[in-house]
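Remarks on the overall topology
Spelled out from the first residue to the last, the chains are:
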Amino acid sequence: MFIGHFAVAFAAKRAVPDVSLGTLFLAAQLADLIWPTLVLLGFEQFAIRPGITAVTPLEFIRYPYSHSLLGMAAWGALLGIVYLVVLRKARAALLVFLVVLSHWLLDFLTHRPDLPLVIAGAERYGLGLWHSRIGTLLVEGLLFAVCIWIYARATVPLDRIGRWALLALIAVLVLIYLGNVFGPPPPSIGAVVWSAQAVWLLVAWAYWIDRHRTMIGP
Ligand SMILES: [Zn+2]
């Protein structure tokens, strides 16, 4: 899943207006943001196998620290605690934690059975929506559209940046997504890892947007 994770972040903004959209992006994509670094450090492994699913050619061989349910709960707790300590907002911290965990649920829906529950052990889980390209596009596209709608109805731009930076971000997310789904398989492990690192720029972009939009109503 790709844009579905960002969708959760957009919708969550309505539930916790005092948390920046950037922090929600960070939370929803935390597993995928730390994953490339863990791969570079040799803690996690993947391979490129065109055809392994209809949507992604990536075979996730081992990624217990970034993508086990337990690992994500730990990263989520860490982010939540930092949030709590720095900003002293318990409800927001809890929601940040839940948004981190939502990543596992959405990945569980789409991945082949390759997601672990805990760090050790051989059991892997995943419902495999990625075996259907049309199914993936429908589910993820619908989720994205609904959540963007929720976000757009809950917030207004403060200036032109608030409007156009959001529209541009949505366009970029959709283009990256379509490129992933319909484009050729990536040329190398390095290309995957470094384009995954570039997702940090999307987090920065969301922080920027958040400063140029405000919630509607009381
Ligand atoms: Zn993931």
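Residues numbered from 1 in each chain as written. Predicted model: local features only at pLDDT ≥ 70, side-chain atom pairs only at ≥ 80, totals over all residues.

Attention now goes to the overall build of the chain. If you tally the helices and strands in the chain, you get 10 helices and 4 strands. Each helix (α) and strand (β) of the chain, taken in turn from the N terminus, gives the series α-α-α-β-β-α-α-α-α-β-α-α-α-β. Scaling as 2.2 N^0.38, a compact globule of 218 residues should have a C-alpha radius of gyration of about 17 Å, and the chain matches this with 17 Å. Across the chain, the fraction of contacts at a sequence separation of at least 24, relative to all contacts at a separation of at least 6, is 67%. (Helix = DSSP H or I, 4+ residues; strand = E, 2+ residues; numbered from the N terminus. Rg over C-alpha atoms; globule rule 2.2 N^0.38 Å. Contact = placed C-beta atoms within 7 Å.)

Counting 51 residues, the largest nonpolar core has Ala 7, Ala 9, Leu 24, Phe 25, Ala 27, Val 96 and Val 99 as the members making the most contacts within it. If near-sequence neighbours (up to four positions away) are discounted, Ala 7 is found in contact with Leu 143, Phe 144 and Cys 147. (Core = buried A, V, L, I, M, F, W, Y, C linked by C-beta atoms within 7 Å. Buried ≥ 20, exposed ≤ 12 C-beta atoms within 10 Å, placed from the backbone.)

This part is about the packing of helix H3 (residues 30–40) against helix H9 (residues 189–197). Interaxial distance between H3 and H9 falls to 8 Å at its minimum, and their mutual angle equals 140°. It follows from the interaxial angle that H3 and H9 lie oblique. Seen along the crossing, H3 lies across H9 with a hand that is left-handed. Here Asp 32, Trp 35, Pro 36, Val 39 and Leu 40 of H3 come into contact with H9, specifically with Val 193, Ala 196 and Gln 197. (Axes fitted to C-alpha atoms, helices over the stretch in contact; angles between N-to-C directions. Parallel < 35°, antiparallel > 145°, perpendicular 65-115°, else oblique. Left-handed = near helix turned anticlockwise from the far one by under 90°.)

Right, let's talk about helix H10 (residues 199–210) for a bit. The end-to-end C-alpha distance of H10, which contains 12 residues, comes to 17 Å, matching closely the 16 Å that a straight helix rising 1.5 Å per residue would cover. Those residues of H10 not exposed but buried are Val 203, Ala 206, Ile 209 and Asp 210. Down the axis of H10, the buried side of the element spans an arc of 120°, and every buried residue falls inside it. Seen from the open side of H10, the exposed residues pointing more than 90 degrees away from its buried face are Leu 201 and Ala 204. Turning to H10, the residues buried within the fold contact helix H2 (21–28), helix H8 (160–182) and strand S4 (213–215). (Expected span 1.5 Å × (residues − 1). Arc of directions from axis to C-beta.)

This paragraph deals with the environment of Asp 210. Structurally, Asp 210 can be placed in helix H10. By C-beta crowding, Asp 210 is classed as buried, having 21 other C-beta atoms within 10 Å. Note: C-alpha distance between Asp 210 and Ala 154 (56 residues apart in sequence) is 12 Å. Contacts of Asp 210, omitting those with residues within four sequence positions, involve Ser 20, Leu 21 and Gly 22.

Its identity is not glycine, yet Arg 88 carries a phi of approximately 55°, on the positive side. Along the chain, the position of Arg 88 falls in the loop between helix H5 (69–87) and helix H6 (90–110).

Considering the arrangement of structural elements, one finds Gly 162 in helix H8. With 18 C-beta atoms counted inside 10 Å, the residue Gly 162 sits in the partly exposed group. With near-sequence residues (within four places) excluded, Gly 162 lies in contact with Pro 157, Ile 209, His 212 and Arg 213.

Right, let's talk about the packing of H2 against H10 for a bit. Where H2 contacts H10, the axes come no closer than 6 Å and their chain directions differ by 155°. One element, H2, and the other, H10, form an angle in the roughly antiparallel class. In this structure, H2 contributes Leu 21, Gly 22, Phe 25 and Leu 26 to the contact, and H10 contributes Leu 202, Val 203, Ala 204, Ala 206, Tyr 207, Ile 209 and Asp 210. Grouping the constituent residues of the contact of H2 with H10 by class yields 9 nonpolar, 1 polar and 1 charged. (Nonpolar A, V, L, I, M, F, W, Y, C, P; charged D, E, K, R; others polar.)

Before going further, it helps to spend a moment on the environment of Phe 6. One can find Phe 6 in helix H1 (residues 3–15). Spatially, the C-alpha atoms of Phe 6 and Ala 31 are 12 Å apart, while their sequence positions differ by 25 residues. Apart from the residues lying within four places of it in its own chain, the contact partners of Phe 6 are Phe 25, Ala 28 and Leu 173.

Below, the discussion takes up H3. Burial analysis of H3 places 8 of its 11 residues in the buried class, which makes it a mostly covered element. Within H3, the full set of buried residues consists of Leu 30, Ala 31, Leu 33, Ile 34, Trp 35, Pro 36, Leu 38 and Val 39. Gly 42 lies just past H3 and shows a positive phi near 90°.

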